[in-house]
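Observations on the model geometry
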Amino acid sequence: VQLQASGGGLVQAGASLRLSCAASGRIPGSYAMGWFRQAPRGEREFVAVIQWSGGLTYYADSAKGRFTISTDNAKNTVYLQMNSVKPEDTAVYYCAAREALSIVYYNNAAHYDYWGQGTLVTVSS
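Everything numeric in this text was worked out from a predicted model, so none of it was measured.

Rules behind the numbers
Residues numbered from 1 in each chain as written. Predicted model: local features only at pLDDT ≥ 70, side-chain atom pairs only at ≥ 80, totals over all residues. Heavy atoms only, no water. Salt bridge = Lys/Arg side-chain N within 4 Å of Asp/Glu carboxyl O. Buried < 20%, exposed > 50% of the residue type's maximum accessible area, 1.4 Å probe, protein only. Helix = DSSP H or I, 4+ residues; strand = E, 2+ residues; numbered from the N terminus. Polar contact = N/O pair within 3.5 Å; in protein donor to acceptor, adjacent residues only side chain to side chain.

Turning to the pattern of salt bridges, a few remarks are in order. As enumerated under the stated definition, the model contains four salt bridges in all. With a shortest N-O distance of 3.2 Å, Lys64 and Asp61 are connected by a salt bridge. On the accessibility criterion, Asp61 (66% relative accessible area) is exposed. Several salt bridges share partner residues, and in doing so they unite Arg37, Glu45, Arg66 and Asp89 into one network.

Next up, the structure:
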């Protein structure tokens, strides 16, 4: 599985931004597609995850109510809709995939097998 993230940029606080992650090849329905982010001098942290077949999602507390993860199976793409962004959302955002959505490891970057190259989101105050 190859992943290509895009959609980052410079936005002002309060704005909206949609990140895309295009996946190559056929993605089984059991796959979990996640978004992580890494701020400057920070560790990679979980943002959201969705099961490729749709329905089941998990969000980090920082993302709940502001971000929405979704899939478009026809386009082999996962989206992260970011609303009401804050300066603390500034980070490189990575999409990732693993073979199944684990309720134990869904927020653990070490348990994801495939990673995109990252897209930078900068939120100005």
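Structure shown, so let's carry the discussion forward.
Moving on to the side chain of Ser102. Among the structural elements, Ser102 can be located in the loop between strand E9 (91-98) and strand E10 (114-115). Residue Ser102 is classed as buried on the basis of its relative accessible area, which comes to 16%. At a separation of 2.9 Å, a polar atom in the side chain of Ser102 contacts the main-chain amide nitrogen of Tyr105.

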